[in-house]
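Each chain, letter by letter, is given below.
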Amino acid sequence: MLEIKGLSKSFGGIHAVSNCSFGLKDYVITGLIGPNGSGKTTLFNLITGSIPPDKGEIYFKGNRIDGLLPYKVAQHGIIRTFQLTRIFPKMTVLENMLLAPLHQTGEILWSLWVKRRRIRDEEKAYREKALGLIETVGLSHLKDQFAENLSYGQQKLLELGRAFMADPKMILLDEPTAGINPSLIRKIMELILKMKESGKVFFIIEHNMGVIIELCDWVFVLDNGEKIAEGKPKEIQNDPRVIEAYWGV
Amino acid sequence: MDFLFQSILNGILAGCIYALFAMGLTLIYGVLNFVNFAHGELIMWGAYFLYFLMGKPFGFPLPIALIPALLLTILLGIGMDRFVFKPLRTANRLTLLIAALGLSFLLRNGAQFLWGAELRTYGFEIKRGLRILGISITLNQVAIILTSIVCIVFVYLLFHRTRLGKSMRAVSDNLELARVMGIDSKHAIQFAWVIASVLAGVGGILLALDTNLQPGMGLINLVKAFAATLLGGVGNIWGALLGGIVIGLAENLGVLVISPGYKDAIAFGIMVLMLLIRPSALLGRQE
Amino acid sequence: MDLFLHLCVMIIIYIIFAMSLNLEVGYTGLFNFGHVAFFGISAYTSALLSLQQVPFELSLLIALAMAGLWGFLLSIPSLRLRGDYFGIVTLGFGEIIRMVFQNEVWFTKGPMGLPGIPKPILFSYRFATLSQYLLLTLGFAALTFLILRIILRSPFGRVLRAIREDEVAAEALGKNVFFFRIKSFVIGSLFAGLAGTLWGHYTTFISPGDFTLLETILVLLIVVLGGKGTEWGPVLGAFVLIFFQESLRFLRLPAEWTRYLAPLQQMIFGGLLIVLMIFRPEGLLKEKGRGSNAGN
């Protein structure tokens with residue numbers, strides 16, 4: 001589904017990502033690990049178009065997407081979450097969700113006058129779906145609250161739910177379990193597994209090895225911007241190169 | 001040909017003044033990370049403070065009145081920060097800028113209230129200039145260039161040779177890191193306001209010497225100062241210097257081809273041009 | 001009675017002006033500090049056309065188109081910029097447009113202004129008297145309010161607010177932020193133009209001095225005082241501020257006082273902006289957590 005070939009990006013003299021090549025398969029949860037500063041988030045940013053690569057190509061479902069603007073990448077079906085959650089603070093939980101679907105007729109200015117019925121129907125359908133997802137992530141009681149009033153953990157759930165709402169082909173999760181308590185971690189893992197069943201592909205950056213081992217079918221390891229290993233989680237755990245990267249031994 | 005050289009001289013002259021404006025503006029931007037919309041009024045009030053001290057009932061001659069005028073300008077600059085910008089340090093950007101705009105409007109009308117909207121001058125007669133190499137340059141203009149150079153050298157020394165200057169650069173680079181490293185950001189910020197006020201005040205006085213004073217002079221000079229900082233790279237004090245000179249030259253050479261009524265619009269035009277050509281430093285995803 | 005009607009007309013014109021700015025600043029989070037430019041461009045366009053006996057329906061449309069066009073032209077190079085920069089560019093634009101009005105004497109008669117702007121004849125009905133004009137402006141204001149309400153309560157409006165809240169997140173959800181901002185700015189410019197046209201035909205005499213920073217500050221103050229990002233905020237703000245401004249004008253004070261009164265009043269506006277931003281940036285009407293209105 002996702003193909004990365006020879007991707008490189010430098011900032012000043014620092015090689016954030018060096019000649020990386022990856023392939024992500026369908027129906028698989030893939031993990032991305034590596035010590036701090038190894039280039040994981042930069043890689044995500046390159047995929048989603050937040051920053052353009054210096055060299056290399058990125059293909060998604062056969063289409064070339066490197067260098068596209070973020071909104072275009074999203075429209076291809078790649079949705080991401082952020083390390084520090086980005087929800088819309090002065091908008092309600094429900095509204096946050098309703099923003100997610102792509103290509104809404106009601107977002108086109110002219111349609112507001114000529115396609116009123118279609119918009120109304122779409123809104124109704126979106127609203128139902130949103131309420132359902134809000135229920136799934138367990139935020140029903142907060143649906144009319146401004147998102148800024150939610151706790152950090154609740155915001156993470158909202159961001160996740162919003163990503164699901166966009167009906168993406170691939171979801172990039174940037175440290176989905178960072179900074180939250182164990183029971184919430186469990187809940188998020190369950191949600192991810194559930195979504196996997198409906199065919200969504202995940203690419204997850206994580207520091208929590210337990211989460212990686214339980215969730216991921218395949219793992220890539222970055223160190224200093226280079227891919228140093230890939231394989232099943234259990235294999236990676238015992239790979240000497242990985243151990244050296246993390247512990248410097 | 002003489003005409004061309006004269007324009008170039010005038011351009012450099014104006015450019016020095018704009019450089020002072022731009023350096024002050026970019027200094028505050030560097031340290032506090034916002035464009036001070038009231039910077040033009042700091043310039044304007046600097047000029048008016050001198051006017052005030054030179055007029056009744058004081059009647060001080062320029063050299064005597066200069067220092068107090070600058071001190072008053074510093075007071076105004078620090079006051080701006082203390083009463084308007086400091087309370088809004090953590091507010092969102094729009095709120096801060098609206099407040100700055102309101103401040104600018106308040107100060108502009110304050111000057112109009114006190115001195116009226118008419119054009120005023122410091123009252124020095126226009127003396128014949130010296131003719132050097134076919135171009136004319138008055139004593140006033142020599143003073144302007146010299147003063148600007150002094151200020152610029154002063155800023156350089158301050159920034160690169162003093163501890164406070166180094167703190168300012170650190171704070172400008174990374175406020176959080178500077179704080180963590182124990183660099184006194186509060187004093188660095190105050191010091192930045194002092195320098196910016198002096199630069200603005202001197203620039204305003206020089207401008208008023210070369211042209212005139214009126215309460216509305218702040219706005220257009222803010223735009224010019226900003227265009228200059230944009231040219232030189234926002235936050236880069238030496239870039240601001242260069243940008244100022246470029247704007248000054250562009251204005252004075254520009255009026256050779258376009259109507260003088262739009263002289264002030266040239267800076268704006270340059271700004272828009274820069275935005276169209278789009279150096280990526282200006283755009284891109286922000287936080 | 002005449003004073004009362006005059007007050008109403010001014011308030012309503014400024015309600016339209018403020019609603020247009022509210023769309024840009026309050027809902028989309030654009031730092032537009034040059035809104036008066038579009039007010040003026042439309043006023044001059046409509047005045048010039050009407051003075052050439054162009055029927056009002058046509059001159060209005062062209063005036064609106066001009067305002068929208070210039071909004072579009074201004075936003076293309078500058079809307080990708082970060083807030084402060086966009087603020088300065090719009091501020092500069094406002095000044096430049098005023099310069100154009102002043103300098104292009106062959107076109108705009110410069111500082112002498114354009115007198116004798118005819119009262120509008122819309123669909124064969126002449127809106128000449130005060131009460132007739134009030135009806136006209138009321139009609140347009142209601143139309144503006146309804147149109148903007150439809151836009152703001154729609155998914156389109158939702159995206160605008162999302163852009164205001166977090167444009168990075170909005171972009172990550174597939175919204176072309178730049179495109180939405182342009183649309184918002186053009187619509188805002190259009191309605192600012194409507195207000196300008198109505199104003200020009202009301203006062204029947206316009207000059208460059210009518211389109212200065214003061215008007216921008218005033219409309220900005222109206223928007224933030226009333227409560228930016230709310231539907232009724234601009235209405236409330238306009239009532240309060242225009243009432244204040246116009247009543248001072250009619251106090252019939254000695255002429256020498258005006259020299260001091262005008263800057264004093266404007267100092268109050270500036271000071272009010274500062275105080276508002278420090279103590280109550282949301283303004284009078286707060287944006288409500290959109291309770292049961294969500295999705296409607």
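Note that the structure is predicted; figures quoted are calculated from it, not measured.

(A) Geometry of the overall build of chain C. Each helix and strand counted, chain C has twelve helices and two strands in total. Reading chain C from its N terminus to its C terminus gives the helix and strand order α-α-α-α-α-β-β-α-α-α-α-α-α-α. For a compact globule of 296 residues, the expected C-alpha radius of gyration is about 19 Å, and chain C comes in at 19 Å, within 12% of that figure. Counting only C-alpha atoms and orienting by the principal axes, one finds that chain C spans roughly 55 × 40 × 35 Å.

(B) Representation of the overall build of chain A in the model. Scanning chain A for helices and strands turns up ten helices and ten strands. A globule of 249 residues ought to have a C-alpha radius of gyration of about 18 Å, and chain A, at 19 Å, matches this closely. Here chain A holds 249 residues, and the buried ones make up 43% of them. The contacts of chain A with a sequence gap of at least 6 include a subset with a gap of at least 24, amounting to 66%.

(C) Structural view of the interface of chain C and chain B. Every contact between the two is made by 39 residues of chain C and, on the other side, 40 residues of chain B. Listed by contribution, the elements that provide at least two residues to the side of chain C that touches chain B are α3 (56-78), α4 (83-103), α10 (213-226) and α12 (255-279) of chain C. Considering each element in turn, the side of chain C that touches chain B owes the most residues, 13 residues, to α12 of chain C. When the residues that make up the side of chain C that touches chain B are grouped by side-chain class, the tally is 25 nonpolar, nine polar and five charged.

(D) Up close: the environment of I213 of chain A. All names here are of chain A. Note that I213 resides in helix α8 (residues 209-215). The exposure class of I213 is partly exposed, given the 16 C-beta atoms found within 10 Å. Taking the C-alpha atoms as reference, I213 lies 21 Å from L2; in sequence the two are 211 residues apart. Those residues in contact with I213 that lie beyond four places of it in its chain are P233 and K234.

(E) View of helix α7 (residues 155-165) of chain C. Across the eleven residues that make up α7 of chain C, a large majority, eleven, are buried. For α7 of chain C, the set of buried residues is P155, F156, G157, R158, V159, L160, R161, A162, I163, R164 and E165 of chain C. Buried residues along α7 of chain C sit in contact with α3 (93-98) and α4 (111-114) of chain A together with α1 (2-27), α6 (130-152), α8 (167-172) and α9 (177-203) of chain C.

(F) Spatial organisation of the sheet that holds strand β4 (residues 55-60) of chain A. Residue and element names in this part refer to chain A. Strand order in this open sheet of four strands is β2-β1-β4-β5, and the pairing throughout is antiparallel. On the outer flanks of this sheet lie β2 (14-24) and β5 (63-64), each paired with one strand and no other. As judged from the seven bridges shared by strand β1 (residues 2-11) and β2, these two strands associate in the antiparallel manner. Counted as the bridge partner of E3 is G23 from β2. Sitting on the sheet, helix α1 (residues 40-48) is in contact with β1, β2 and β4, with an inclination near 65° to β2.

(G) Summary view of the nonpolar core. Counting 264 residues, the largest nonpolar core has A192 and A227 of chain B together with I13, Y14 and I16 of chain C as the members making the most contacts within it. Of the domains in this structure, domain 1 (2-87 + 168-247) and domain 2 (90-149) of chain A are the two that each give at least three residues to this core. Once you skip the residues sitting within four places of it in the chain, A227 of chain B turns out to touch I247, A267, F268, I270 and M271 of chain B.

(H) Broad picture of the sheet that holds strand β7 (residues 170-174) of chain A. Residue and element names in this part refer to chain A. Pairing is mixed in the open sheet, where six strands are placed in the order β6-β7-β8-β3-β9-β10. Each end of this open sheet is capped by a strand with a single partner; those strands are β6 (78-80) and β10 (226-231). Direction aside, neighbouring strands of the sheet carry axes that sit 20° apart on average. Pairing of β7 with strand β8 (residues 201-205) involves five bridges; the strand directions are parallel. Pairing of I171 across the sheet is with F202, part of β8.

(I) Geometry of the domain arrangement of chain A. Partitioning chain A into domains gives domain 1 (2-87 + 168-247) and domain 2 (90-149). Centre-to-centre, using C-alpha coordinates, domain 1 of chain A lies 28 Å away from domain 2 of chain A.

(J) Here's a closer look at helix α1 (residues 2-32) of chain B. All names here are of chain B. For α1, with 31 residues, the first-to-last C-alpha span of 44 Å sits near the 45 Å given by 1.5 Å per residue. For α1, the tally of buried residues reaches 22 of 31 residues, placing the bulk of the element in the interior. Just downstream of α1 lies N33, where phi reads positive at about 60°.

Thresholds, definitions, all that
Residues numbered from 1 in each chain as written. Chains lettered and ligands numbered in written order. Predicted model: local features only at pLDDT ≥ 70, side-chain atom pairs only at ≥ 80, totals over all residues. Helix = DSSP H or I, 4+ residues; strand = E, 2+ residues; numbered from the N terminus. Rg over C-alpha atoms; globule rule 2.2 N^0.38 Å. Buried ≥ 20, exposed ≤ 12 C-beta atoms within 10 Å, placed from the backbone. Contact = placed C-beta atoms within 7 Å. Nonpolar A, V, L, I, M, F, W, Y, C, P; charged D, E, K, R; others polar. Pairing = 2+ DSSP bridges. Axes fitted to C-alpha atoms, helices over the stretch in contact; angles between N-to-C directions. Core = buried A, V, L, I, M, F, W, Y, C linked by C-beta atoms within 7 Å. Domains from an automatic or database assignment. Expected span 1.5 Å × (residues − 1).

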